[in-house]
Amino acid sequence: MSNVPDSLRYTSDHEWTKDEGGRVTVGITAFAVEQLGDITLVNIDVKVGDDLEAGKAFGTIESVKTLSDLFAPVSGKVVAVNADLESKPELVNEDCYGKAWMITLDAAPGSTSALLDAAAYNAHLKATAH
Amino acid sequence: MVPFAGWMMPVQYTGIVDEHQAVRTAAGLFDASHMGELELRGRDAVGVVDALITNDARKIGDGQALYTCACNEGGTILDDLIIYRAAADRVLVVCNASNREKISAVVRQAALGRCDFVDQSDETALIALQGPRAFDVLGLAGGDAAKCGELKSFHFRDAVVANVRCTVARTGYTGEDGVELFCGWNDAPHLWRMLLELGGPLGLKPAGLGARDTLRLEARLSLYGNDIDETTNPLEAGLGWVVKFDKPSFVGKAALEAIKAKPLARKLVGFEVTGRGIARHGYLLRNVNGDEVGVCTSGSPGPTVGKTIGLGYLPASLAEPGTKFLVDCRGKNVEAVVVKTPFYKRPVA
């Protein structure tokens with residue numbers, strides 16, 4: 001089974017969120033990385049100060065074989081973008097829950113509570129495996 | 001695993017880039033059993049095949065193989081094939097899995113009343129052993145196997161490999177040296193496991209469809225359904241070298257002669273993406289003014305060339321190496337430049 005840290009909240013599109021009092025950091029899960037394979041390009045199409053609406057694409061991630069959109073898990077204002085990923089997409093393969101965070105949003109308090117907790121995300125992974 | 005032309009195929013085992021590098025630096029093992037194998041037996045076998053293909057099957061001897069296109073009367077490509085001439089009265093046609101039914105029907109029809117036709121695809125497995133250490137691996141698999149090192153490129157012979165009766169051909173789809181082994185369906189799992197066991201210490205790894213695609217793209221080998229199909233002709237696809245106009249006749253000859261008489265409107269070219277993006281099959285190509293001028297047929301990062309590369313059809317006026325153009329990556333115009341192909345050429349041993 002993929003690594004699913006208990007402390008994070010998840011979307012069914014295989015993104016993780018880390019909510020620190022309304023500052024929500026976003027990345028993709030180990031399961032997503034396994035599915036994509038070798039990551040070769042991360043394009044983040046938003047900049048600090050942009051307003052993002054939940055469900056809207058904020059960038060794309062490409063592996064050797066495929067391209068996937070990155071979606072905002074919650075609404076908020078972009079307060080940080082991980083510029084390292086532009087030159088080092090391989091960070092996503094190496095450390096998807098750490099160095100390969102993608103953006104941080106200033107969101108309404110409690111906005112991640114509607115997302116999946118680790119147990120629910122694990123159940124979602126099990127269901128999609130069949 | 002993904003469905004591919006009715007087969008379940010592995011995209012990757014240890015990772016596309018890892019498998020790709022293994023093939024370039026050591027060796028990789030591919031299960032290509034999805035390919036179609038059509039056999040013709042009888043005095044007229046060579047003649048029946050020759051009338052269907054653009055290359056000249058009469059010019060190869062026993063134990064020799066030939067890459068070719070088969071066209072329709074309009075001169076566009078029904079499939080790309082390898083023809084294996086075992087003897088004057090025994091020829092094997094290897095076609096793409098996605099075209100098996102189409103090609104099987106065409107060959108069967110042509111064989112009617114002239115020679116026997118058998119579609120062997122369901123009884124025949126195909127395992128490709130590719131890479132600079134391919135023959136070292138083969139050499140560990142028994143006395144006969146070692147002799148296969150003497151095969152010239154595009155030649156084949158019968159041999160016992162790891163106690164399995166095989167036809168071993170010095171052909172492949174990776175840009176590396178190596179062999180393709182045809183064997184009986186039931187023997188394939190044993191052969192696969194034995195080769196991996198013997199070759200493991202030499203760096204042999206199993207390789208999937210993903211690596212097969214990046215390897216063949218770097219070597220600029222066409223993929224049917226992507227780079228060539230029934231809307232493209234061999235001349236614009238850069239396959240003019242397998243069209244032999246000095247043959248008295250073949251299906252599509254008149255149409256291809258008419259195409260050849262005029263300058264080509266478009267050409268399949270290789271390119272490097274110099275901006276931030278990866279060109280994918282179906283993406284539009286634009287001139288520097290942003291006008292739509294062509295289409296990308298294949299594209300991916302090239303792990304060995306270290307660049308993002310692709311193939312696509314461009315107007316002849318934009319097909320010269322060095323010409324700049326744009327790839328429309330889902331609405332973003334990303335800079336690219338036409339380059340000479342192949343992107344990768346294996347070092348001479």
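In this text, all values refer to a predicted model and were calculated from it rather than measured experimentally.

Rules used in this analysis
Residues numbered from 1 in each chain as written. Chains lettered and ligands numbered in written order. Predicted model: local features only at pLDDT ≥ 70, side-chain atom pairs only at ≥ 80, totals over all residues. Heavy atoms only, no water. Phe/Tyr/Trp six-rings, centres within 6.5 Å; stacked < 30°, edge-to-face > 60°. Helix = DSSP H or I, 4+ residues; strand = E, 2+ residues; numbered from the N terminus. Buried < 20%, exposed > 50% of the residue type's maximum accessible area, 1.4 Å probe, protein only. Pairing = 2+ DSSP bridges. Axes fitted to C-alpha atoms, helices over the stretch in contact; angles between N-to-C directions. Salt bridge = Lys/Arg side-chain N within 4 Å of Asp/Glu carboxyl O. Contact = heavy atoms within 4.5 Å. Buried area = accessible area lost by both parts, 1.4 Å probe. Core = buried A, V, L, I, M, F, W, Y, C linked by side-chain atoms within 4.5 Å.

This part takes up the packing of aromatic side chains. Residues and elements named next belong to chain A. For the coordinates displayed, the defined rule picks out 8 aromatic pairs over all chains. Consider the rings of Tyr-10 and Tyr-121, whose centres lie 4.6 Å apart with planes at 10°: the pair is stacked. Residue Tyr-10 is found in strand β1 (residues 9-10), and its partner Tyr-121 is found in helix α4 (residues 118-129); the two are separated by 111 residues along the sequence. Each member of the pair, Tyr-10 as well as Tyr-121, is classed as buried.

Let us look at the sheet that holds strand β7 (residues 67-71) of chain A. Residue and element names in this part refer to chain A. A sheet is described by the order of its strands in space; here 3 strands give the open sequence β4-β6-β7, paired in antiparallel fashion. The sheet is open, and its two borders are formed by β4 (39-44) and β7, each paired with just one other strand. Averaged over all pairs of adjacent strands, the angle between strand axes in this sheet comes to 20°, irrespective of strand direction. In this structure, strand β6 (residues 57-63) lies alongside β7, joined through 5 bridges in antiparallel fashion. From the neighbouring strand, Ile-61 faces β7, where its bridge partner is Ser-68.

Before going further, it helps to examine the pattern of salt bridges. Applying the stated rule across the entire model yields 30 salt bridges over all chains. Asp69(A) serves as the salt-bridge partner of Arg330(B), at 2.4 Å between the closest nitrogen and oxygen. Of this pair, Arg330(B) sits in the loop between β18 (324-329) and β19 (332-339) while Asp69(A) is found in strand β7, placing the two residues in two different chains. Note on Arg330(B): relative accessible area 46%, which makes it partly exposed. Residue classification places Asp69(A) among the partly exposed residues on the basis of a relative accessible area of 29%. Among the salt bridges present, the one from Arg41(B) reaches Glu39(B), with a minimum N-O distance of 2.9 Å.

Now for the interface of chain A and chain B. Across the contact, 17 residues belong to chain A and 17 residues belong to chain B. Of the roughly 1300 Å² buried at the junction of chain A and chain B (both faces included), carbon and sulfur atoms supply 46%. Considering only the surface of chain A that becomes buried against chain B, Asp38(A), Val64(A) and Lys65(A) emerge as the three largest contributors, covering 42% of it. Between chain A and chain B we count 4 salt bridges in total. For the side of chain A that touches chain B, the element with the highest residue contribution is β4(A), accounting for 4 residues.

All right, on to the nonpolar core then. Formed by 36 residues in total, the largest nonpolar core has its most connected members in Tyr10(A), Ile28(A), Leu52(A), Phe58(A), Ile61(A), Val92(A) and Met102(A). Counting only elements with at least two residues in this core, the list comes to β3 (23-28), α1 (30-36), β4, β6, α3 (91-94), β9 (103-106) and α4 of chain A. In terms of residues, this core owes the most to one element, α1(A), which gives 5 residues. Contact partners of Tyr10(A), with chain neighbours within four places excluded, come to Val4(A), Pro5(A), Glu15(A), Trp16(A), Thr29(A), Tyr97(A), Leu115(A), Leu116(A), Asp117(A), Ala118(A) and Tyr121(A). Formed by 33 residues, the second largest nonpolar core is a distinct cluster that contains Ala32(B), Met35(B), Tyr67(B) and Leu268(B).

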